Amino acid sequence: MKLFTFKGGVHPSDNKVQTENEAIQIFDAPKMVNIALLQHIGAPLNPMVKPGERVLKGQKIADSQAFMSAPVHSPVSGVVKKIEFLPFPSSGKVNTVIIENDGLEEMAELETIKDWANASKEDLLAMVREKGIVGVGGACFPTHIKLNPPKDMTIDTLVVNGAECEPYLNADNRLMLEDPASIIEGIKIVMHILGIKSAKIGIENNKPDAIASMIKTIEKLEGTDGIEVCALKTQYPQGGEKQLIAAIMGREVPSAALPAKVGVVVQNTATCALVYEGIVNGMPLIEKVVTISGKAIKKPMNLKVRIGTMFRDILDYAEIERESVDKLVSGGPMMGMAQPSEDVPVVKGTSGLLALTTDETNPCKAKNCILCGKCVTVCPMGLEPLMYAKLAKFNQWEEMGTYKLMDCISCGSCSYICPANRPLTEAINIGKAKLRAMPRK
Ligand code: SF4
Ligand code: SF4
């Protein structure tokens, strides 16, 4: 099978073996769930419920009029106890609805569009929004917006991201093995919404069983013409949108442009399955698969958990050895976020929980840059990471912008490869935040 890839990137040890054969387990809904009212890129939500009110499983509990938003739903039936500002995995505090689970699992009435093939694009997009679906590959971009690209851009291909290139993570891999039909049915709905006839599913070749599972499912199901699997070289960050498009389509997305500019929409495999679940079965995004791994975890596993479950409960279940933890990460080790506390809830974008020891984090002191150029060679966006660290040291944020800082996808490849342990990604992320906060000229 031909292997597709992109220019640049690194090859960190993938550490998939700990959980790749662990079937997805269902984690019981906890007694309390904390539903953060910001789980997508965009505006925070306004609560639609009050303390003391009973809610049903799948009931919408917060929404916003803002264009860039997606509602959230209760993952349990129970009673709203409080609404208050609490820590969440993206740092800082956010308004949070705390619900006490009554264990009855009483469902709200769920709307569906079973005959989606005869439904309009507008109705399907409205339903995708109503189900609170966002890109669960990590970015949490509202899916109904991504599936409605600007009218002047003609889309011809859906690229489906099954790369899961972050080390340790196997949530998408297990989904491709255990429920490939939901992913393919979701792809068919997304193709219908976009009005296109071609979808290419990119999967790294360190997941041969997932590749075989998806190919078999495409052959077995009806209406899958135009859907194909593309095996990708195992190379980080193969799952970056622009890298996937370059690898599979041979198209280069221009600086600061969207994939739609080159006729492509990218969706994650798990997001496609959510579209199917939402449209055909009416189920909003209230649970997701998370990989729990790292050397400080005695029982690495893949767990399906309700949104709002606390990290601490999941880590206890996986038998965390707290005395060995050097760093707790939400997501993968390359792009994930270090967590100062376990007392934060799972949100729609939580793909992994890693309890890493010093063996895995390699905490070495930063030395002076030796101008080896390795960070430039591996940068998949063709940037000059060494300049960012230099400029950040002198607070030259605007100057960083002139080096196309905002094209950086924060993949961490430059930091990973740097022999001097320069804090490149850290400087980059601070620089990006400073640039975003500056008044537009
Ligand atoms: S500069 Fe940005 S895109 Fe380039 S390697 Fe570093 S983190 Fe990745
Ligand atoms: S990899 Fe590190 S040491 Fe080499 S040029 Fe880049 S910043 Fe300097």
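Residues numbered from 1 in each chain as written. Chains lettered and ligands numbered in written order. Predicted model: local features only at pLDDT ≥ 70, side-chain atom pairs only at ≥ 80, totals over all residues. Heavy atoms only, no water.

A closer look at the overall build of the chain
- For the chain, the helix and strand inventory stands at 14 helices and 17 strands.
- In terms of overall dimensions, the chain is globule-like: its C-alpha atoms have a radius of gyration of 21 Å, near the 22 Å expected for 441 residues.
- With respect to the three principal axes, the spread of C-alpha positions in the chain is 60 × 50 × 50 Å.
- Taken across its 441 residues, the chain has 55% of its residues classed as buried.
- Separation between the mean location of the 50 positive side-chain charges and that of the 50 negative ones in the chain comes to 6 Å. (Helix = DSSP H or I, 4+ residues; strand = E, 2+ residues; numbered from the N terminus. Rg over C-alpha atoms; globule rule 2.2 N^0.38 Å. Buried < 20%, exposed > 50% of the residue type's maximum accessible area, 1.4 Å probe, protein only. Lys, Arg positive; Asp, Glu negative; His and termini not counted. Charge placed at Lys NZ, Arg CZ, Asp CG, Glu CD.)

Some words on the domain arrangement of the chain
- If you check the domain split of the chain, you get domain 1 (116-280) and domain 2 (374-437).
- One C-alpha centre belongs to domain 1, the other to domain 2; they are set 29 Å apart.
- Each partner contributes to the interface: domain 1 provides six residues, whereas domain 2 provides seven residues.
- Summing both partners gives a buried area of about 510 Å² for domain 1 against domain 2, and 54% of it is carried by carbon and sulfur.
- For the interface between domain 1 and domain 2, the tally reads zero salt bridges.
- In this assembly, domain 1 and domain 2 are joined by three residue pairs in polar contact (both at pLDDT 80 or more).
- Within the side of domain 1 that touches domain 2, the residues separate by chemical class into three nonpolar, two polar and one charged. (Domains from an automatic or database assignment. Contact = heavy atoms within 4.5 Å. Buried area = accessible area lost by both parts, 1.4 Å probe. Salt bridge = Lys/Arg side-chain N within 4 Å of Asp/Glu carboxyl O. Polar contact = N/O pair within 3.5 Å; in protein donor to acceptor, adjacent residues only side chain to side chain. Nonpolar A, V, L, I, M, F, W, Y, C, P; charged D, E, K, R; others polar.)

Brief notes about the environment of Leu244
- Locating Leu244 in the fold gives a position in helix H6 (residues 241-249).
- Leave out the neighbours within four places in its chain, and Leu244 touches Val159, Asn161, Leu232, Gln238, Gly239, Met249 and Val266.

Some points on the site of ligand 1
- Surrounding ligand 1, one finds Cys379, Pro380, Met381, Pro385, Cys408, Ile409, Ser410, Cys411, Gly412, Ser413, Cys414 and Ile428.
- In terms of residue class, the shell around ligand 1 is built from nine nonpolar, three polar and no charged. (Near = heavy atom within 4 Å.)

Some points on helix H14 (residues 424-437)
- Over its 14 residues, H14 extends 20 Å from the first C-alpha to the last, a length consistent with the 20 Å expected when each residue adds 1.5 Å.
- All of the buried residues along H14 are Leu424, Thr425, Ala427, Ile428, Gly431, Lys432 and Leu435. Angular distribution of buried residues about the axis of H14 spans 155 degrees; they occupy a single face of the element. More than 90 degrees from the buried face of H14, the exposed residues found are Glu426 and Ala437.
- For H14, the secondary structure elements touched by its buried residues are helix H10 (374-378), helix H11 (385-393), helix H12 (397-402) and helix H13 (413-417). (Expected span 1.5 Å × (residues − 1). Arc of directions from axis to C-beta.)

What about the pattern of salt bridges?
- Within this structure, the stated rule accounts for 23 salt bridges.
- One salt bridge connects Arg54 with Glu106, and the closest N-O pair in it is separated by 3.1 Å. Taken as a pair, Arg54 in strand S4 (residues 54-55) and Glu106 in the loop between strand S8 (93-101) and helix H1 (121-130) lie far apart in primary sequence, 52 residues in all.
- Assessed through its relative accessible area of 36%, Arg54 is described here as partly exposed.
- The exposure class assigned to Glu106 is partly exposed, which follows from its relative accessible area of 37%.
- For the salt bridge of Glu287 with Arg306, the shortest nitrogen-to-oxygen distance reads 3.8 Å. With Glu287 in strand S13 (residues 287-293) and Arg306 in strand S14 (residues 301-306), the pair connects residues that are 19 residues apart, well separated along the chain.
- A relative accessible area of 30% places Glu287 in the partly exposed class.

What to know about the site of ligand 2
- If you check the shell around ligand 2, you find Cys369, Ile370, Leu371, Cys372, Gly373, Cys375, Leu386, Cys418, Pro419, Ala420 and Arg422 and nothing else.
- Taken together, the residues that form the shell around ligand 2 break down as nine nonpolar, one polar and one charged.

Some points on the sheet that holds S4
- In spatial order, the strands read S2-S8-S7-S4; together these four strands make up an open sheet with antiparallel pairing. Where the open sheet ends on each side, the last strands, each with one partner, are strand S2 (32-36) and S4.
- As paired strands, S4 and strand S7 (residues 78-87) are joined by two bridges and run antiparallel to one another. For Arg54, the partnering residue across the bridge sits in S7 and is Val79. (Pairing = 2+ DSSP bridges.)

Description of unusual backbone geometry
- With omega at -5 degrees, the peptide bond leading from Tyr236 into Pro237 counts as cis.
- Position of Pro237 among the secondary structure elements: in the loop between strand S11 (227-232) and H6.
- One non-glycine residue, Asn15, adopts positive backbone phi at about 45 degrees.
- Checked against the element boundaries, Asn15 lands in the segment before strand S1 (25-26).
- Phi is positive for Lys404, close to 55 degrees, though the residue is something other than glycine.
- Within the secondary structure layout, Lys404 lies in the loop between H12 and H13.
- Here Lys404 falls in the partly exposed class, since its relative accessible area comes to 48%.

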